[in-house]
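# Working through the structure, step by step
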Amino acid sequence: MRVFVAGGTGVLGRRLVPQLVARGHQVTATTTSAAKTGLLERLGAEAVVMDGLDAMSVGEAVAGARPDAVVHQMTAISVAHAGKPDMRHPDRWFATTVRLRVEGTDHLLAAAEATGVPHVVAQSYAAWNGIRRGGWVKTEDDPLDPETGTPARAGADALRHVEDAVVAAGGAALRYGGLYGPGATDDQVELVRKRQFPLVGGGTGHCSWVHLDDAASATVLAVEQKARGVFNIVDDEPAPAAQWLPYLAACAGAKPPMRVPAWLARLLAGEVAVTMMTEGRGFSNAKAKRELGWELRYPSWRQGFKGDLT
């Protein structure tokens, strides 16, 4: 199968491209920088420089690749693109990623339609952002939280756009959990080691994690099986911050995280960070395991954190 990976040099793209190549697929992968084409070629892909926010650039790249499937992994949340993580102002931090999830998605879908590509798989997100009512663990039938009245609203709207547009086109939206693995959590681990990533309140907010290699393997299955609909791509153990954050600190060789009350965290880090740490909802992977036959290399963040950091 010829597979077009938009966003091949991101932390997930770098794990996805080799898995696709190993399964015998012919991969064309994109980067925004000519300096990174060599990396994609070393991973086994044909490299193309593309601007995901330029409809003509996207159209020409997809038409040139003549793919059987398009995979949308375009984001701009690395330090090079967006600066250091800023949970206080996610509207600023994620501004370009929001555009890629709205305009970039539309450009890819238009290019796929124009060139007769029958299937699209796109990145969504499901770590702590499940609807904040009912239980702590959400399925694909539960909506993502709209983040009404918060700086995260634009990001939530963009995720909804990805899911609605891609599913309407007969494709699959993969709600990846919190990604960890090579290059994915360096900033968070640095904060943990400096004791600048505290537990907020009781640390009751839940989060779902997934290792980059497991996220990539689920994506390969979604491509090969021409999956349709929304899938939560998370590990088996959604857990409250009071469990995973101290464990992450221990794996990183750091002291236990400090505890701060919610009112102080709200002043220092903003409302979104407090919500994540105290009210976040995790996600179930039952559908992906059942319908895709997905098997995880790291069924729990406990194994993955330890393997990556110790």
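For the structure given in this document, a descriptive report is provided here. (Residues numbered from 1 in each chain as written. Predicted model: local features only at pLDDT ≥ 70, side-chain atom pairs only at ≥ 80, totals over all residues. Heavy atoms only, no water.)

So, about empty space enclosed by the protein. Taken as a whole, this structure holds one cavity of 30 Å³ or more when the rule is applied. The computed volume of the largest cavity comes to approximately 30 Å³. Arg2, Val3, Phe4, Gln26, Thr28, Ala65 and Pro67 together form the lining of the largest cavity. Top contributing element to the lining of the largest cavity by residue count: strand S1 (residues 2–6), with three residues. (1 Å grid on protein atoms, 1.4 Å probe; cavity = no way out; pocket = protein on both sides within 12 Å on 5 of 7 lines; lining within 4 Å. Points joined across faces, edges and corners; volume = space filled by probe spheres on them. Helix = DSSP H or I, 4+ residues; strand = E, 2+ residues; numbered from the N terminus.)

Ordered in space as S3-S2-S1-S4-S5-S7-S12, the seven strands form an open sheet in which the pairing is parallel. Each of the sheet's edge strands pairs with one partner strand only, and the pair in question is strand S3 (46–49) and strand S12 (229–233). Within this sheet the neighbouring strands show an average axis-to-axis angle of 20°, counted without direction. In this structure, S1 lies alongside strand S2 (residues 26–31), joined through four bridges in parallel fashion. Residue pairing for S2: Val5 is matched across the bridge by Ala29. This element, helix H3 (residues 55–65), spans S1, S2, S3 and strand S4 (69–72) of the sheet and lies at about 160° to S1. Strand contacts of helix H9 (residues 212–224): S1, S4, strand S5 (120–125), strand S7 (172–176) and S12, with the helix running at about 170° to S7, the strand carrying the most contacts. (Pairing = 2+ DSSP bridges. Axes fitted to C-alpha atoms, helices over the stretch in contact; angles between N-to-C directions. Contact = heavy atoms within 4.5 Å.)

For the coordinates displayed, the defined rule picks out 16 salt bridges. For Arg132, the salt bridge is made with Glu279, and the minimal N-O distance between the two is 3.5 Å. Of the two residues, Arg132 sits in the loop between S5 and strand S6 (137–138) while Glu279 sits in helix H12 (residues 271–279), which places them 147 residues apart along the sequence. A network of salt bridges, in which partner residues are shared, links Arg132, Asp145, Glu147 and Glu279. (Salt bridge = Lys/Arg side-chain N within 4 Å of Asp/Glu carboxyl O.)

Once that is clear, we can look at a nonpolar patch on the surface. On the surface, Trp263, Leu267 and Leu268 cluster together into a nonpolar patch covering about 390 Å² of accessible area. One can find Trp263 in helix H11 (residues 262–269). (Patch = residues over 30% accessible without salt bridge, like charges linked within 9 Å, V, L, I, M, F, W, Y side chains within 5 Å. Areas by Shrake-Rupley, 256 points an atom, 1.4 Å probe, with all protein chains shown as cover.)

On to the packing of aromatic side chains. This model, assessed by the stated rule, comprises seven aromatic pairs. On the basis of an interplanar angle of 90° and a centroid distance of 6.2 Å, the ring pair of Phe197 and Trp244 is categorised as edge-to-face. In this pair, Phe197 is assigned in the loop between helix H8 (186–193) and strand S9 (199–200) and Trp244 in helix H10 (residues 241–251), connecting sequence segments 47 residues apart. The burial state of Phe197 is the same as that of Trp244; both residues are buried. (Phe/Tyr/Trp six-rings, centres within 6.5 Å; stacked < 30°, edge-to-face > 60°. Buried < 20%, exposed > 50% of the residue type's maximum accessible area, 1.4 Å probe, protein only.)

Here we come to the pairing of S1. Across the five residues of S1, four count as buried, placing the element largely inside the fold. Read as a crossover between parallel neighbours, the route from S1 over helix H1 (residues 13–22) to S2 is right-handed. Here four bridges tie S1 to S4, and the two strands are oriented parallel to one another. Each residue of the ladder has a partner; that of Val5, found in S4, is Val71. (Right-handed = clockwise from strand over helix to strand, strands pointing away.)

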